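Listed here are the chains, written in short residue letters.
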Amino acid sequence: MQCASLKQKTNLWCEKALKNAKAQISLEIDTIEASGKCINPVTLTPEGKVYYCQPEDWRSGFFPGSVWYLYELTKDTTLLPLAQKYTEALERAKTLTWHHDIGFIINCSYGNGLRLSGKTEYKKIMVEAAKSLCTRFHKKAGIIQSWDVTGKGWQAQRGWKCPVIIDNMMNLELLFEATKLSGDSTFYKIAVSHADRTLKEQFRKDGSCYHVIDYNPENGKVRRRETAQGYADSSAWSRGQAWAIYGYTMCYRETGNKKYLDQALKTFHFMKKHPHMPTDGIPYWDMDAPEIPNALRDVSAASIMASALYEISTYNVVEGGSYMEYADKIMQTLASTKYTAPLGKNGRFILMHSVGSIPHNSEVDAPLNYADYYYLEALKRKSDIEKGKKQP
Ligand code: GLY
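We now turn to the structure provided with this report.

**Section: the site of the ligand**
Close to the ligand lie Trp58, Asp167, Gln229, Trp237, Arg239, Trp243 and Tyr370, which account for all nearby residues. Between the ligand and the protein, one listed contact pairs a nitrogen atom with a side-chain N or O atom of Asp167 at 2.7 Å. Taking Trp243, its side chain carries an N or O atom lying 2.9 Å from an oxygen atom of the ligand. Burial of the ligand by the protein chains amounts to 93% of its free accessible area of 200 Å². At a threshold of 2 Å from the grid points, most atoms of the ligand map onto the largest pocket. Residue classes in the shell around the ligand are distributed as 4 nonpolar, 1 polar and 2 charged.

**Some thoughts on the nonpolar core**
Leu172, Leu175, Leu334 and Tyr374 are the most contacted members of the largest nonpolar core, which has 115 residues in total. The greatest single-element share of this core, amounting to 10 residues, is contributed by helix H10 (residues 299-313). Discounting chain neighbours no more than four positions away, the residues touching Leu175 are Ala130, Leu133, Cys134, Ile144, Phe187, Tyr188, Ile190 and Ala191. Core analysis: the second largest hydrophobic core is formed by 7 residues, Ala141, Ile143, Tyr210 and Tyr215 among them.

**A word on the sheet that holds strand S6 (residues 212-215)**
What the 3 strands build is an open sheet, ordered S5-S6-S7; its pairing is antiparallel. Two strands bound the open sheet, and with one partner strand each, they are strand S5 (163-165) and strand S7 (222-226). Geometrically, the sheet is characterised by an average inter-axis angle of 20 degrees between neighbouring strands, direction not taken into account. Sheet topology note: the S5/S6 ladder contains 3 bridges and is antiparallel. Directly across from Val164, in S6, lies its bridge partner Ile213.

**Things to note about the environment of Gly344**
Summarising the element assignment, Gly344 is placed in the loop between helix H11 (320-334) and strand S8 (354-357). With relative accessibility at 39%, the residue Gly344 sits in the partly exposed group. Counting along the chain gives 320 residues from Gly344 to Gln24, while the straight-line C-alpha distance between them is 6.4 Å.

**Points about the side chain of Thr267**
Structurally, the position occupied by Thr267 is in helix H9 (residues 258-273). For Thr267, a relative accessible area of 0% puts it in the buried group. Sequence-distant contacts of Thr267, that is, excluding residues within four places in its chain, are made with Phe203, Gly207, Gln241, Ala244 and Ile245.

**What about the packing of helix H8 (residues 238-255) against H10?**
As a packed pair, H8 and H10 sit with axes 8 Å apart at the nearest point and diverge in direction by 25 degrees. In terms of axis orientation, H8 runs roughly parallel to H10. Classified by chirality, the crossing of H10 by H8 is left-handed. Contacts between H8 and H10 involve Ser238, Arg239, Ala242, Trp243, Ile245, Tyr246, Thr249 and Arg253 from the first element and Ser300, Ala301, Ile304, Met305, Ser307, Ala308, Glu311 and Ile312 from the second. Looking at the contact of H8 with H10 residue by residue, the class counts come to 9 nonpolar, 4 polar and 3 charged.

Conventions adopted
- Residues numbered from 1 in each chain as written.
- Predicted model: local features only at pLDDT ≥ 70, side-chain atom pairs only at ≥ 80, totals over all residues.
- Heavy atoms only, no water.
- Near = heavy atom within 4 Å.
- Polar contact = N/O pair within 3.5 Å; in protein donor to acceptor, adjacent residues only side chain to side chain.
- Areas by Shrake-Rupley, 256 points an atom, 1.4 Å probe, with all protein chains shown as cover.
- 1 Å grid on protein atoms, 1.4 Å probe; cavity = no way out; pocket = protein on both sides within 12 Å on 5 of 7 lines; lining within 4 Å.
- Sits in = over half its atoms within 2 Å of the grid points.
- Nonpolar A, V, L, I, M, F, W, Y, C, P; charged D, E, K, R; others polar.
- Core = buried A, V, L, I, M, F, W, Y, C linked by side-chain atoms within 4.5 Å.
- Buried < 20%, exposed > 50% of the residue type's maximum accessible area, 1.4 Å probe, protein only.
- Helix = DSSP H or I, 4+ residues; strand = E, 2+ residues; numbered from the N terminus.
- Contact = heavy atoms within 4.5 Å.
- Pairing = 2+ DSSP bridges.
- Axes fitted to C-alpha atoms, helices over the stretch in contact; angles between N-to-C directions.
- Parallel < 35°, antiparallel > 145°, perpendicular 65-115°, else oblique.
- Left-handed = near helix turned anticlockwise from the far one by under 90°.

Written as structure tokens, this is what we have:
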């Protein structure tokens, strides 16, 4: 009896969350279709305008990916050609070699597309994109360079030689996929090399991670440990912690190597037990932000963490149920009116109150398409678990 009512309660918040998400994304789809172009929404500017990006932007895969998840969750077949169209508008990004985020771009769009539509022509694009990503691999250091340090960008001003950010763990999923699709183990080996070196260099004893490690590509040694988007070099930038939790969980899935799962759990427990973690599970943008308890929250960090925790809950871990419970807590909070935008507001993004980068005064307390993407992915993972499907 108790079990049945618990399940009913779960179904209620999940159903409501999905209904809101579908309604909001449908409004954005109407806007895109009315424009007659394949515009790709990212965030809302301080002036209240939706910012649309080009395929080369690191966030270009998230909206197409969200439409794929919505299609998967609702089985609404009208979404299928739209998801395909938005995905295929990104094709030219497959040759991108000037930053590392091609993994995010191609895997969230084409990766989901291949999984859900079986369009075999997507395989070639994914493998080509993985090759582009591998051009950034430095053998001596054993890592994939995240950002270029030449040119006019702010990265060039920092004096780095070969910066690697923790976010880069997310790009490895494309490499694991490319080995499965092509049979070429080079991609897998590069992914493992990057994951191993990052594991060694990027984490602190307490389980938290640095944002940026700068390597010397000539001798492979670490030059500096710093931050770009966090409060301080030594602080715990929340989205970075979320990328680490998600990235190492994914590496465990792809390799079966327990040390990756152990790191994901260690970083998660650092966050969970942090004295500054709010009781609703939505982290401050940086867990050491001086304005705490008045610091801004970062909803994107919360949704990335929730998605990873659902995956962790399916593995053979001590107190597996506690990861599910924590993810549910985050998701129910995100699904509440505190974080879910009223229909038609918030630039037609689902979730409010994310933080792009406070040090760059960019996307401060704004909606972000990747917060929505991982929220939908978490809803899908929750739904899969309820149906007894294996992760992910
Ligand atoms: N990957 C960039 C960010 O998390 O802001």
